[in-house]
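Commentary on secondary and tertiary structure
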Amino acid sequence: MVATLPAVGDDRGSPAIGRAAVTYEAPHGVESAVLDDGDVAAFGRAGSCRVRFAHAPVADTGVPRVAGRLVVAAGRVFVEASDQPGRSALEVSAEGRPPVLIGAGDGFAPSESEFRITVHGQQRSWPLEVVIAPEITGLVSPDGGDPTFTHHLELTGS
């Protein structure tokens, strides 16, 4: 599985780098959603889902309107399956480990920094690639003081 955490613009066009990225196939090509710590993002074919797939050009009705939710907390992504009975389980897989099936109402938070969630529909299977960014440390000194190096810039009038 090869994936990188993309830098994407938010609704206002400014660049944003989040804690995790989800890449998936949408009707007009591959799309991605950037998630920050504390975010909860539903995924499925409903218009209310932040990660929306399987809805067009022909809806895959085997994919629930809300197949599940992604919860980003404590540097991990928790995958929760919708509690609708009778739906097929979500499959979470990561390199070097057997797939984990998540039944209706259950959840799982893989320890890997990259993993795939597969939602099985009637027409096909829909993979969601998840990449978690590593903790960024060293930007602020431990005592909260000034950085080690400072630069002073003086501009001339010309």
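Reference entry: report on the structure contained in this document. (Residues numbered from 1 in each chain as written. Predicted model: local features only at pLDDT ≥ 70, side-chain atom pairs only at ≥ 80, totals over all residues. Heavy atoms only, no water.)

**Notes on the nonpolar core**
For the record, the criterion: By convention a nonpolar core is built from buried Ala, Val, Leu, Ile, Met, Phe, Trp, Tyr and Cys residues, the set being connected through side-chain atoms within 4.5 Å. Only protein chains enter the area calculation, which uses a 1.4 Å probe; residues under 20% of their type maximum are buried, those over 50% are exposed, and those in between are partly exposed. Each helix corresponds to a stretch of at least 4 residues labelled H or I by DSSP, and each strand to a stretch of at least 2 residues labelled E; elements are numbered beginning at the N terminus. Pairs of residues are marked as contacts when any of their non-hydrogen atoms sit within 4.5 Å.
Phe43, Phe53, Val79, Phe115 and Ile117 are the most contacted members of the largest nonpolar core, which totals 29 residues. If you list the elements that add at least two residues to this core, you get β3 (20-26), β4 (29-35), β5 (40-44), β7 (68-73), β8 (76-81), β9 (90-93), β12 (114-120) and β13 (125-132). In this structure, Val79 is in contact with Phe43, Arg69, Leu70, Leu90, Val92, Ile102, Asp106, Gly107, Phe108, Phe115 and Ile117, ignoring residues within four places of it in sequence.

**Details of the environment of Phe53**
Relative to the elements of secondary structure, Phe53 occurs in the loop between β6 (51-52) and β7. We classify Phe53 as buried; its relative accessible area is 1%. For the pair Phe53 and Trp126, spaced 73 residues apart in sequence, the C-alpha to C-alpha distance is 8.0 Å. Apart from the residues within four sequence positions on either side, Phe53 is in contact with Tyr24, Glu25, Phe43, Gly44, Arg45, Val63, Val119, Trp126 and Leu128.

**Regarding the side chain of Arg45**
Position of Arg45 among the secondary structure elements: in the loop between β5 and β6. Every residue in contact with Arg45, bar those within four places of it in the chain, is listed here: Arg52, Phe53, Ala54, His55, Ala59, Asp60, Thr61, Val63, Pro64 and Arg65.

**Examining the sheet that holds β8**
Operational definition: Strand pairing follows a simple DSSP-based rule, namely that at least 2 bridges must link the two strands.
Sheet architecture is open: 5 strands sit in the order β6-β5-β7-β8-β11, paired in mixed fashion. The open sheet has two edge strands, β6 and β11 (107-108), and neither has a second partner.

**Comments concerning the pattern of salt bridges**
The line we're drawing: Salt bridge, as used here, is a side-chain nitrogen of Lys or Arg placed within 4 Å of a carboxyl oxygen of Asp or Glu.
Taken as a whole, this structure holds 6 salt bridges when the rule is applied. Salt-bridge contacts for Glu25 lead to Arg124; the nearest nitrogen and oxygen are separated by 3.1 Å. Taken as a pair, Glu25 in strand β3 and Arg124 in the loop between β12 and β13 lie far apart in primary sequence, 99 residues in all. With relative accessibility at 39%, the residue Glu25 sits in the partly exposed group. You can call Arg124 partly exposed: its relative accessible area is 29%.

Geometric values such as these leave the question of function open.
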